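Analysis of the macromolecular model
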Amino acid sequence: MRLQGKVAIVTGAGQGIGRGIAKAFAREGAIVVVAERDEESGRAVEAEIQEQGGAAHAVPVDIAQPAQVESLVARTLALEGRLDILVNNAGVGGRKLGDGPVHECSVEGWDAIMGVNLRGTFLACKYALPELMKTKGNIVSLSSVLGLYGSQSLYDTHAYMTSKAGVIGLTRTIAAYYALAGVRANCLAPGLIDTQMAGRTKADEDLLAQIAFLQPLGPIGAVRDVAETAVFLASDDAAFITGVVLPIDGGWSVQ
């Protein structure tokens, strides 16, 4: 087992990619702290992991709130005495929050999306890093292929795209600065993955056809594609890898 005995916090672990990562980590022997704003969803994932013989603790948290994130790390230490891995997965997006092209994006929408996607990632890193330096642990953060490339028409949620670009910048900054402390930081940039957030695209045949062109190995990736890559980056198999932004996009980034 590649993560045997490691203690990992996975944010946004109640559904989608976060749930997949939490379960994959547990299968590889990690003790997983299921950090999720929706307490019911977090408890459900905790139960799934435990039913499969894994170890998990559900801890409710709003990742945009400093006191709650600090408490999340403190709770992890109280439960397990250490922290080895942080997975920054929690994220939000969409026009329902007020996102859109810059001239249409509401200030409230911008702040809400940045608050979770970028500020939340910063807060989790801020409070986790003192412990990760003790264990020479590592960070895996979830960006997006949309954080790497702009789009003229296919996607126009500019707050989301900018927040994910910011996650890449933060990851590289941490990787460079904390390498001498033995801490690694890497980033995953998924394309379209089969989760609840992909619902609009899956329901639009024209949009799905465009995605099929961009993701020739797809058209839609599986949660497992991301989860297993996160396991690799968090494990000792990637001990000499830091500062990497790894697209999991079915070929989008080479178009």
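As the structure is a computational prediction, the values presented were derived from the model and not from experiment. (Residues numbered from 1 in each chain as written. Predicted model: local features only at pLDDT ≥ 70, side-chain atom pairs only at ≥ 80, totals over all residues. Heavy atoms only, no water.)

**A look at the overall build of the protein**
The following threshold applies: The helix and strand labels rest on DSSP assignments: H or I over at least four residues marks a helix, E over at least two residues marks a strand, and numbering proceeds from the N terminus. Radius of gyration: over C-alpha atoms. The globule rule applied is 2.2 Å multiplied by the number of residues raised to the 0.38 power. Only protein chains enter the area calculation, which uses a 1.4 Å probe; residues under 20% of their type maximum are buried, those over 50% are exposed, and those in between are partly exposed. Every accessible area reported is derived by Shrake-Rupley at a probe size of 1.4 Å, with residue values counting cover from the shown protein chains alone. Asp and Glu count as negative and Lys and Arg as positive, but His and the ends of the chain are not part of the count. Charge positions come from single atoms, namely NZ of Lys, CZ of Arg, CG of Asp or CD of Glu.
In terms of helices and strands, the protein carries eight helices and seven strands. Against the compact-globule benchmark of 18 Å for 255 residues, the protein has a radius of gyration of 17 Å, which places it among compact chains. Across the 255 residues that make up the protein, the buried fraction comes to 52%. Counting every atom, the protein has about 11700 Å² of accessible surface; 53% of that belongs to carbon and sulfur. For the protein, the centre of its 21 positive side-chain charges and the centre of its 27 negative side-chain charges are spaced 6 Å apart.

**Quick look at the environment of Met1**
Relative to the elements of secondary structure, Met1 occurs in the segment before strand 1 (7–11). Assessed through its relative accessible area of 66%, Met1 is described here as exposed.

**Topic: the packing of aromatic side chains**
Put simply, the rule is: In this scheme Phe, Tyr and Trp rings, the latter by its six-membered ring, pair at centre separations within 6.5 Å, and the angle between planes marks the pair as stacked below 30 degrees, edge-to-face above 60, and tilted otherwise.
Summed over all chains, the structure comprises two aromatic pairs. When the ring of Tyr155 is compared with that of Trp252, the centres are 6.3 Å apart and the planes differ by 25 degrees; the resulting orientation is stacked. Highlighted residues: Tyr155 in the loop between strand 5 (138–142) and helix 5 (158–178) and Trp252 in the segment after strand 7 (245–248), separated in sequence by 97 residues. Both residues of the pair, Tyr155 and Trp252, count as buried.

**Quick notes on the sheet that holds strand 7**
Selection criterion: Between any two strands, at least two bridges found by DSSP are needed for them to pair. Every angle, taken between N-to-C directions, lies between 0 and 180 degrees, and every axis is a line fitted to C-alpha atoms, over only the stretch in contact when it is a helix. Any two residues whose heavy atoms approach within 4.5 Å at even a single point are treated as in contact.
Ordered by their spatial adjacency, seven strands build an open sheet running 3-2-1-4-5-6-7, and the pairing between neighbours is parallel. Every interior strand has two partners, whereas the edge strands, strand 3 (55–60) and strand 7, have only one. When strand polarity is set aside, the average angle formed by the axes of neighbouring strands in this sheet is 20 degrees. Note that strand 4 (residues 85–88) and strand 5 share four bridges and pair parallel. Along strand 5, the bridge assignment pairs Asn88 with Ser141. Along the sheet, helix 1 (residues 16–27) makes contact with strand 1, strand 2 (31–36), strand 4, strand 5 and strand 6 (184–190), crossing strand 1 at roughly 170 degrees.

**Things to note about helix 7 (residues 205–214)**
Along an α-helix, residues three or four positions apart point the same way, because every turn accommodates 3.6 residues. Definition in use: Read the arc as the range of directions from the helix axis to the C-beta atoms. Polar contacts, as counted here, are pairs of nitrogen or oxygen atoms within 3.5 Å of one another; within protein the pair requires one atom able to donate a hydrogen and one able to accept it, and residues that are adjacent in sequence qualify only if both atoms are side-chain atoms.
Regarding helix 7, the residues found buried are Leu207, Ile211 and Leu214. Along helix 7, the residues classed as buried sweep out an arc of 55 degrees about the axis, all on the same side. Along helix 7, the residues that are exposed and aim more than 90 degrees away from the buried face are Glu205, Asp206 and Phe213. Where helix 7 begins, the side chain of Asp204 points an oxygen toward the backbone nitrogen of Asp206, at a separation of 3.1 Å.

**Considerations on unusual backbone geometry**
Residues apart from glycine generally show negative phi values, whereas peptide bonds are mostly found in trans. Here Gly218 and Pro219 are connected by a cis peptide whose omega angle stands at 20 degrees. Along the chain, Pro219 falls in the loop between helix 7 and helix 8 (223–234). The backbone phi angle of Lys136 is positive, close to 50 degrees, even though this residue is not glycine. Within the fold, Lys136 resides in the loop between helix 4 (107–135) and strand 5.

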